[in-house]
Amino acid sequence: MKTSLLMASAIFLSSFSLQPSIAQTLAASEIEALPQVDYAGFLQLTEELGEYRQARLVDLEKFNAIAKQQNAIILDSRSAAAFAQGHIDGAINIPFSDFTEEKLTKLLGDKSRPILIYCNNNFRDDIPPIPLKRAPLALNIPTFINLYGYGYENIFELSGVTHMADPLVRWTGTPRVLTANPSQLSQNPNEDATRAN
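Moving on, we come to the overall build of the protein. Secondary structure assignment for the protein yields seven helices and seven strands. Helices and strands in the protein line up, N terminus first, as α-α-β-α-β-α-β-β-α-β-α-β-β-α. Buried residues in the protein amount to 31% of all 197 residues. For the protein, the share of sequence-separated contacts (at least 6 apart) that also reach a separation of at least 24 residues comes to 69%. Of the roughly 12200 Å² of accessible surface on the protein, a fraction of 59% belongs to carbon and sulfur atoms.

Dropping the structure here:
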């Protein structure tokens, strides 16, 4: 009885020692199954960019000065619908979900050109077309990481928070005020759908 109990205990404990190798095997097979998804690579790129991104944060005055440079471009990566409702004057729109090597090359061209980015969270208005997002999920962050990952290293990110009405922003479009009364919402469902963007 003691021998069989010891054997059962040994088998049970040895199964735990196999867990890491099973996990490693699963992780390797998962990587093979999804070669286009590299979370570890994304984490590594994010870690590498921490200090670089910090050095590329610019205030609104510097943002505007860089925007006047030859070949500079202001990139708005919000949805096309949000962009159509309003954006910084002179910006072009490439929705973040459309980022591909081919599209960025076609629309941005020269990888050394200054690219300026901004997002909803640079504004304190919190109304369409720029409703606030949770700070860790601000669109500036993945936009910066993706641009850099695609080889665009001359990126400048708007730092700080301002209002759309600030004359230095040069905002185009007329923002709509959010209302709690559903009868006051726009009758255009496409317009209201952009609230989540």
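Picking up after the structure, the text goes on.
Below, the discussion takes up the confidence of the model for the protein. Of the residues in the protein, 71% have a pLDDT of 70 or more, and the chain-wide mean is 80. Confidence drops under pLDDT 50 across residues 2-23; counting only partners more than four residues distant or on other chains, this segment forms zero contacts. Every residue in residues 177-197 scores below 50 in pLDDT, and together they form 27 contacts with partners more than four places removed in sequence or on other chains.

Our focus in this paragraph is the pairing of strand β6 (residues 155-158). Where burial is concerned, the two faces of β6 agree: the one with Ile155 and Glu157 and the one with Phe156 and Leu158 are both buried. Pairing between strand β1 (residues 57-58) and β6: two bridges, direction parallel. Residue pairing across strands places valine 58 opposite leucine 158, the latter belonging to β6. Sheet topology places strand β5 (residues 115-118) next to β6; three bridges connect them, and they run parallel. Note on β6: the bridge partner recorded for isoleucine 117 is glutamate 157. In the classification by handedness, the crossover that spans β5, the intervening helix α6 (residues 140-149) and the parallel β6 is right-handed.

Core analysis: the largest hydrophobic core is formed by 19 residues, its most contacted members being Phe63, Ile74, Ile88, Leu116, Tyr118, Phe123 and Trp171. Of all elements in the fold, only α3 (60-67), β5 and β6 reach the threshold of two or more residues within this core. Discounting chain neighbours no more than four positions away, the residues touching phenylalanine 123 are Ile88, Tyr118, Ile130, Leu132, Val161, Thr162, His163, Met164, Val169 and Trp171. Counting residues in each nonpolar core, the second largest holds 14 residues, with Leu75, Ile117, Phe144 and Leu147 among its members.

The subject of this paragraph is the pattern of salt bridges. For the structure on display, the rule yields four salt bridges. Measuring nitrogen to oxygen at the nearest pair gives 2.8 Å for the salt bridge that ties arginine 78 to aspartate 76. Taking the relative accessible area as the measure of exposure, arginine 78 reaches 4% and is therefore buried. With a relative accessible area of 0%, aspartate 76 lands in the buried category. Between lysine 111 and glutamate 101 there is a salt bridge, with the nearest N and O atoms lying 3.2 Å from each other. Placement of the pair is lysine 111 in the loop between α5 (101-108) and β5 and glutamate 101 in helix α5, with a sequence separation of 10 residues. Looking at lysine 111, the relative accessible area reads 33%, which means it is partly exposed.

Turning next to the sheet that holds β6. Read across the open sheet, the five strands follow the order β1-β6-β5-β2-β4; overall the sheet is parallel. Of all the strands in the sheet, just β1 and β4 (92-93) have a single pairing partner and so form its edges. Those strands touched by α3 are β1, β2 (73-76), β5 and β6, and its axis lies near 140 degrees from that of β5.

In this section: the pairing of β5. Side chains of β5 alternate between two faces, with Ile115 and Ile117 and Leu116 and Tyr118 buried alike. Pairing of β2 with β5 involves four bridges; the strand directions are parallel. Across the sheet, leucine 75 pairs through a bridge with isoleucine 117, a residue of β5.

Calculation rules
- Numbering of residues starts from 1 in every chain and runs along the sequence as written.
- In keeping with the model being predicted, local features are shown solely for residues with a pLDDT of at least 70 and side-chain atom pairs are shown and tallied solely at 80 or more, while totals for entire chains, interfaces and linings include all residues.
- Water and hydrogen atoms play no part in the side-chain values, which are based on all heavy atoms of the structure.
- Numbering of helices and strands runs from the N terminus, with a helix taken as a DSSP run of H or I at least four residues long and a strand as a DSSP run of E at least two residues long.
- Accessible area is worked out with a 1.4 Å probe on protein chains only. A residue is then buried under 20% of its type maximum, exposed over 50%, and partly exposed in between.
- A contact between two residues is defined here by any heavy atoms of the two lying within 4.5 Å.
- Using the Shrake-Rupley algorithm and a 1.4 Å probe, accessible areas are obtained, with residue cover drawn only from the displayed protein chains.
- Scored from 0 to 100, pLDDT records how confident the predictor is in each individual residue.
- Two strands make a pair as long as DSSP finds a minimum of two bridges between them.
- The path from the first strand over the helix to the second decides the hand: if it runs clockwise while the strands point away from the viewer, the crossover is right-handed.
- We define a nonpolar core as any set of buried Ala, Val, Leu, Ile, Met, Phe, Trp, Tyr and Cys residues linked to one another through side-chain atoms lying within 4.5 Å.
- Criterion for a salt bridge: a side-chain nitrogen of Lys or Arg within 4 Å of a carboxyl oxygen of Asp or Glu.
- Helix axes are fitted to C-alpha atoms over the stretch in contact, other axes to C-alpha atoms as well, and angles between N-to-C directions run from 0 to 180 degrees.

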